[in-house]
Amino acid sequence: MQTTHTQDVARHYTRRHEQRGDLFGKQPFANYGYWTRPGMTMEEAAEALTLLVASACELSPQDRLLDVGCGYGAGAVSCARQFQPQSIVGIDVTELRLEYGRNYVREQGFADRIELRMGDATRMDFGDGSFDKLVSVECAFHFDTRADFLREAARVLCPGGILALTDLIPKRGIDPSAYLRGATAVGTGVCLDNRANAYDADTYAAHLGAAGFTDIRIESIIDRTRIPFIDAFERAGERLQGQRAVEVRNSVARLRGLVAAGEDYVLVVARKA
Ligand SMILES: C[S@@+](CC[C@H](N)C(=O)[O-])C[C@H]1O[C@@H](n2cnc3c(N)ncnc32)[C@H](O)[C@@H]1O
């Protein structure tokens, strides 16, 4: 049974699917990208973000990898291609994305190594110690709650297993109530919609520690993710006309407003003790 919040998130991503393609083409990722050089396409940047996270968890051929919030499965396919882990399981709460993802995995020739299935990050259907590595690209701010997910992540990882993820959090010293202007950001495409997750890197590290993680690293990468994405989004929107052009301009303004209000985009890496 999904919580109301998780059902809202799944509805949001189902709606987003309908708009897929009008700005950046039907590329199979759904993240802000990691923009490292001029002229990158959205798909190149999105894959670079996936590979950054996979490298951060030291993904290698003997690993059993879990991808939490796998979306359309493109991250799992990139990880399989680049690092050849033993197996990959992806879970997500948006069935439509999983359906597309399973087709994509088959088309790309990885159906024997990648399985995508319905699953909630906070109540995972896996035994203790089932995975060596866990990645989650740009999802954990949605989880209800992120702290519950971190406990589950520690449970399903084997001792010494590594978690790597990217996430949106308020910067230190930012009042979350100022940051969370409007509690129902899910419907707007803005991501930090779950008040229970509105805390800074110090509290985040405390939650990781309480869940049983050590060697915790939380690093801001907003200058290569959220900010260049907003610029690319604005440029892509300039090609549109009519109502959709207005919507994109409004979204750009809202995203810049969140950054100005103290939003951060972080890479989080930790090891299960
Ligand atoms: C921004 S997309 C990222 C997708 C993918 N990681 C990528 O990089 O393309 C966020 C994803 O998180 C999924 N998600 C949100 N809450 C979830 C939960 N509680 N458990 C599993 N997946 C969840 C959404 O359905 C959505 O596919």
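Let us look at the structure shown here. (Residues numbered from 1 in each chain as written. Predicted model: local features only at pLDDT ≥ 70, side-chain atom pairs only at ≥ 80, totals over all residues.)

1. Structural notes on the site of the ligand
- Near the ligand, the surroundings consist of 26 residues, among which Asn31, Gly69, Gly71, Thr94 and Ala121 are the closest.
- Going through the elements one at a time, helix H1 (4–19), helix H3 (74–83) and strand E2 (87–92) are the ones with two or more residues in the shell around the ligand.
- The element that contributes the greatest number of residues to the shell around the ligand is H1, accounting for four residues.
- By residue class, the composition of the shell around the ligand is 14 nonpolar, eight polar and four charged. (Near = placed C-beta within 6 Å. Helix = DSSP H or I, 4+ residues; strand = E, 2+ residues; numbered from the N terminus. Nonpolar A, V, L, I, M, F, W, Y, C, P; charged D, E, K, R; others polar.)

2. What about the nonpolar core?
- In terms of nonpolar packing, the biggest core is built from 62 residues, with Val53, Cys57, Val135, Ala153 and Leu163 touching the most fellow members.
- Among the elements that make up this core, the one with the highest residue count is helix H2 (residues 42–56) (eight residues).
- Those residues within four positions of valine 135 in sequence are excluded, and the remaining contacts are Val53, Ala54, Cys57, Leu65, Asp67, Ala164 and Leu165. (Core = buried A, V, L, I, M, F, W, Y, C linked by C-beta atoms within 7 Å. Buried ≥ 20, exposed ≤ 12 C-beta atoms within 10 Å, placed from the backbone. Contact = placed C-beta atoms within 7 Å.)

3. A word on the pairing of strand E1 (residues 64–68)
- Here E1 lies mainly inside the structure; four of its five residues are buried.
- By the bridge criterion, five bridges tie E1 to E2 in an arrangement that is parallel. Within the sheet, the bridge partner assigned to valine 68 lies in E2 and is isoleucine 91.
- Tracing the backbone out of E1, into H3 and back to the parallel element E2 gives a crossover that is right-handed.
- Direction of pairing for E1 relative to strand E4 (residues 131–137): parallel, over a ladder of three bridges. Across the sheet, the residue bridging to leucine 66 is leucine 134, located in E4. (Pairing = 2+ DSSP bridges. Right-handed = clockwise from strand over helix to strand, strands pointing away.)

4. A word on unusual backbone geometry
- Between aspartate 144 and threonine 145 the backbone carries a cis peptide bond, its omega angle lying at 10°.
- At glutamine 84, a residue that is not glycine, the phi angle is positive and equals roughly 45°.
- Tracing the backbone through its elements, the reader meets glutamine 84 in the loop between H3 and E2.
- With a phi angle near 50°, aspartate 215 is a residue other than glycine that sits in the positive phi range.
- Residue aspartate 215 is classed as exposed on the basis of its 11 C-beta neighbours within 10 Å.

5. Notes on the sheet that holds strand E7 (residues 263–272)
- With respect to topology, seven strands assemble into an open sheet ordered E3-E2-E1-E4-E5-E7-E6, the strand pairing being mixed. Each having just a single partner strand, strand E3 (114–118) and strand E6 (213–220) make up the two edges of the open sheet. Pairwise comparison of adjacent strand axes, ignoring direction, gives a mean angle of 15° for this sheet.
- Of the strands in this sheet, E1, E4, strand E5 (157–170), E6 and E7 are in contact with helix H5 (residues 146–156), which crosses E5 at around 155°. (Axes fitted to C-alpha atoms, helices over the stretch in contact; angles between N-to-C directions.)

Function cannot be read off these values alone, since they describe shape.
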